[in-house]
Amino acid sequence: MNTAQDIEIRPRHGLLNLDYSGVWRYRELMWTLAMRDVRLRYKQAALGIAWAVIQPAFAVLIFTLIFGRFAKIPTGGTPYPLFAFAAILPWTYFSEALRRSATSLVTDGELVRKVYFPRLVMPLSGVISPAVDFLFAFLVFLCMLVWYHMGLSWKVVTLPLFLGYALLAALSIGLWLAPLNVRFRDVTHTMPFLIQVWMYASPIVYSLDIVPEQWRTLFSLNPMVGVIEGFRWALLDKPSPDWHVIGVGSAVMVAMLLGGLAYFRRAESTLADVI
Amino acid sequence: MSTRIAIKAEGLGKRYRVGANAGRHNSLRDVIVEKAAALFRRGPDPNTVFWALRDVSFEIARGENVGVIGLNGAGKSTLLKLLSRITEPTAGRARIGGRVGALLEVGTGFSGELTGRENTFLYGSILGMSRAEIARKYDAIVEFAGIEKFMDTPVKRYSSGMYVRLAFSVAAHLEPDVLLLDEVLAVGDLAFQHKCLDFARRLQEREATVLFVSHSMHSIKSMCPRVIYMRKGQLTYDGPTDEGIRLYEQDSRLSTLALAEGSSKDWPVVVNSVGITGADGAEKTIFEHGERLRLRLSYETREPLVDPNFIVAFIRSDGVACCNFSTEVDGTSPGRIDGHGVLELVTPPLRLVSDMYQVHVLVRGKGFDQVLSSQVAGTFHVRHALFDRHFGVFHEPGKFTWNPDASDSVIQLPAARPASGG
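Residues numbered from 1 in each chain as written. Chains lettered and ligands numbered in written order. Predicted model: local features only at pLDDT ≥ 70, side-chain atom pairs only at ≥ 80, totals over all residues. Heavy atoms only, no water.

Okay, the overall build of chain B next. Helix and strand content of chain B: eight helices and 19 strands. Taking all 422 residues of chain B together, the buried fraction comes to 47%. Of all intrachain contacts in chain B linking residues separated by at least 6 positions in sequence, the fraction that spans at least 24 positions is 73%. Carbon and sulfur atoms make up 53% of the accessible area of chain B, which amounts to about 21200 Å² in all. (Helix = DSSP H or I, 4+ residues; strand = E, 2+ residues; numbered from the N terminus. Buried < 20%, exposed > 50% of the residue type's maximum accessible area, 1.4 Å probe, protein only. Contact = heavy atoms within 4.5 Å. Areas by Shrake-Rupley, 256 points an atom, 1.4 Å probe, with all protein chains shown as cover.)

Written as structure tokens, this is what we have:
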């Protein structure tokens, strides 16, 4: 009846020895926790799931007014609302995924203290749950395309790749911040600030074209540049993203991800003792 | 691993650093100061290292029920946390054969906003069940909890009893091969506790192994033929329950007497030792309901006292003072005492309910005026299959008369008068 499997308990060694098979065994928990977050977020709100749409829609409205109308930021011929929305879609997802994974261990501190499961499940479920909001916002984006009489090309099928890129980027930072947050609650307070700075460091309200050449290399360190360029390319037929930017961004992301896994693993063994 | 062995621990140890990690929420500033200080030290400061568990080895066979006992801070919970993999050991290793269920607390992870049904799936997955498994057992879980009507109500509207019943019911259907329990069976009302006992029995039939941490020697005795006794992070005894409980009682008595001594410097009379025995004089700490208890205390006065009032009080584990025996009230007077002496008390048959009781010894002046001494002298247990805390404080049989035909004997209660309107 039960899949009897011996459990070995001992001090673990090795940088990346994170019990990945355990994470796989607990994949349903990861899913359940993510769905719990989605349910909890909308259960008591009168407008319910509509919030998943209202938030990005308002951002689009404000950005259009300020950066489209007043500042007249060039978009290369695309209507500004679509131009902004195509970037706000992945950005809203990314910032929410980052925030949730970074605070996951502290928010569910009780679980860390009293129940065993691979802790990696928690930041992972944190980057999964905002994907539900993304889907709803994406539907609104499709409606807007129809409104502007624009179609989608075959490139839209590459969208999951860029979304996955955003997921890994959020996770790569979340893995560092989540255990750090257990030791220093300062992280929670720093999050809104970090996300705001990061937003202006990403080409959301503007396009990468207006960034001076000598700054481009610095920009390419930010994985979200590649994600956003990719979204605009896949959804709005903008020029294809600079492969150099994507290459540098992914390299940074992979380095952060591996470092994050090692750090998370090191912190994991004592989480229950310090939380 | 041999299929006969369920848990095998070899030299398990857990070291904590007090100081640097002692505060639950460090501020960044504290750590920077600490790290800066550490630059000028070599190696870890030995004063900040504390072994909560050290060199613990044991083997538990499949189907065995083993109790873990010890005073507070002896390392019982740390051991459970290591075996349930909540935290990693610093040294040693352990192997567990089969599926582990660990209940350090019932209902961890329940979410108030979610319904009973949603929480059942959430809590089930937290405990390690698959969704398919929970779906299969769902009806049985709901029936066991006895709250069919409320499964679509958010659990924040549940009474605490319903909450615990649902949580425990989910946990009970985990069907583990090895169950680690931390004092969680003491929940719910009488009827639910019987269900829990049934659950424990069912586990035994399935040859499950149970490791049970408790302060209730009564539960330990009724569930476990073998105990592991922990003292200061080390395993000091592993064997039959009676002997283990005796060691535990001995230590807890010593520690409480020692505790009292520290503050008793100025008292004119001090109780040095207390012996709790059965009526026959044989040392024991577990009494059947209705047995007599013999208490022998030796005291020492620092100044001559005239007619001091020695009081022995039994305090139940939940703090209820159940009874007092007093030399003055019970009609004996020692007259003038000076120096060393022994006082013996034989109680009437104890009709107290099944629980743990602390013995407090008080000495007052004549007429209960001032307190000359106050000490905790030890603990004992009373055992009864039915009478427990929910039943009352004590039980003496009442006298009923059965007379079904005499309708006129019904007492007419005066009708309540309507409140006058002022």
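So, next bit.
A few words now on helix H7 (residues 130-147) of chain A. All names here are of chain A. Compared with the 26 Å implied by 1.5 Å per residue over 18 residues, the 26 Å span of H7 between its first and last C-alpha is a close match. Listed in full, the buried residues belonging to H7 are Pro130, Val132, Asp133, Phe134, Ala137, Phe138, Phe141, Met144 and Leu145. Contacts from the buried residues of H7 go to helix H2 (27-43), helix H3 (51-70), helix H4 (80-107), helix H6 (121-128), helix H8 (159-183) and helix H11 (223-236). Positive backbone phi, at 55°, marks His149, one or two positions downstream of H7. (Expected span 1.5 Å × (residues − 1).)

With that settled, the discussion passes to the sheet that holds strand S10 (residues 269-278) of chain B. Residue and element names in this part refer to chain B. In space, the three strands of this open sheet follow the order S10-S12-S17, with antiparallel pairing throughout. Since the sheet does not close on itself, it has two edges, and those belong to S10 and strand S17 (340-346), each with one partner. Neighbour to neighbour, the strand axes of the sheet diverge by 20° on average, direction disregarded. (Pairing = 2+ DSSP bridges. Axes fitted to C-alpha atoms, helices over the stretch in contact; angles between N-to-C directions.)

It is worth spelling out the side chain of Ser220(A) at this point. Residues and elements named next belong to chain A. Assignment of secondary structure puts Ser220 in helix H10 (residues 213-220). Judged by its relative accessible area of 1%, Ser220 falls in the buried class. Once residues within four sequence positions are removed from consideration, Ser220 is found in contact with Val245, Val248 and Gly249.

Moving on: the pattern of salt bridges. Residue and element names in this part refer to chain B. Per the stated rule, a full pass over the model turns up 33 salt bridges over all chains. One salt bridge in this structure joins Arg246 and Glu243, with 3.4 Å as the shortest N-O distance. Taken together, the residues span about one helical turn, with Arg246 and Glu243 both in helix H8 (residues 241-262) at a distance of three residues. Among the residues examined, Glu243 registers a relative accessible area of 33% and is labelled partly exposed. Arg336 is paired through a salt bridge with Asp338; the nearest N and O atoms lie 3.9 Å apart. Judged by its relative accessible area of 48%, Asp338 is partly exposed. (Salt bridge = Lys/Arg side-chain N within 4 Å of Asp/Glu carboxyl O.)

Our focus in this paragraph is the packing of aromatic side chains. Per the stated rule, a full pass over the model turns up 25 aromatic pairs over all chains. Considering the side-chain rings of Phe121(B) and Tyr138(B), the 6.0 Å spacing of their centres and the 20° angle between planes classify their relative orientation as stacked. One end of the pair, Phe121(B), is in helix H3 (residues 116-126); the other, Tyr138(B), is in helix H4 (residues 131-145), and 17 residues separate them in sequence. A relative accessible area of 11% places Tyr138(B) in the buried class. Judged by centre distance (6.3 Å) and plane angle (85°), the rings of Tyr229(B) and Tyr248(B) are edge-to-face. One end of the pair, Tyr229(B), is in strand S8 (residues 226-231); the other, Tyr248(B), is in helix H8, and 19 residues separate them in sequence. A network of ring pairs unites the aromatic residues Phe85(A), Tyr93(A), Phe134(A), Phe138(A), Phe141(A) and Phe231(A) as a single cluster. Above the plane of the ring of Trp24(A) lies Arg27(A), whose end atom (NZ or CZ) is 4.2 Å from the centre. In this arrangement the basic side chain of Lys14(B) is found over the ring face of Tyr16(B), its NZ or CZ atom lying 5.4 Å from the centre. (Phe/Tyr/Trp six-rings, centres within 6.5 Å; stacked < 30°, edge-to-face > 60°. Lys NZ or Arg CZ within 6 Å of the ring centre and 35° of its normal.)

Before going further, it helps to spend a moment on the sheet that holds strand S1 (residues 5-17) of chain B. Spatially, S1(A)-S4(B)-S1(B)-S2(B) is the arrangement adopted by the four strands of the open sheet, whose pairing is antiparallel. Edge positions in the sheet fall to strand S1 (7-9) of chain A together with strand S2 (49-61) of chain B, since each has one partner strand and no second. Averaged over all neighbouring strand pairs, the angle between strand axes comes to 15°, with direction disregarded. Inspection of the sheet shows S1(A) paired to strand S4 (residues 91-96) of chain B by three bridges, in the antiparallel sense. When the bridges of S4(B) are listed, Ile7(A) appears paired with Ile96(B). Relative to the sheet, helix H2 (residues 76-83) of chain B contacts S1 of chain A together with S1, S2 and S4 of chain B, its axis offset from that of S1(B) by approximately 115°.

Residue and element names in this part refer to chain A. Orientation of H8 relative to helix H12 (residues 243-268), taken along the N-to-C sense of each, is 35°, at an axis distance of 8 Å. Regarding H8 and H12, the two cross each other, and that crossing is left-handed. Taken together, the residues of H12 that come into contact with H8 (itself represented by Phe162, Tyr165, Leu168, Ala169, Leu171, Ser172, Ile173, Leu175, Trp176, Ala178, Pro179 and Leu180) are Ile246, Gly249, Ser250, Met253, Met256, Leu257, Gly259, Gly260, Leu261, Tyr263, Phe264 and Ala267. Residues belonging to the contact of H8 with H12 are distributed by class as follows: 19 nonpolar, five polar and no charged. (Left-handed = near helix turned anticlockwise from the far one by under 90°. Nonpolar A, V, L, I, M, F, W, Y, C, P; charged D, E, K, R; others polar.)

A separate point is the interface of chain A and chain B. Across the contact, 41 residues belong to chain A and 51 residues belong to chain B. With both sides pooled, the region where chain A packs onto chain B buries about 4300 Å², and carbon together with sulfur makes up 52% of that total. Broken down residue by residue, the surface that chain A buries against chain B is led by Ile7(A), Ile9(A) and Tyr116(A), which jointly contribute 17%. At the junction of chain A with chain B, the criterion picks out five salt bridges. (Buried area = accessible area lost by both parts, 1.4 Å probe.)

It is worth spelling out the side chain of Glu88(B) at this point. Here Glu88(B) lies in the loop between H2 and S4. For Glu88(B), a relative accessible area of 15% translates into the label buried. If near-sequence neighbours (up to four positions away) are discounted, Glu88(B) is found in contact with Pro11(A), Arg12(A), Arg265(A), Ser269(A), Lys14(B) and Leu82(B).

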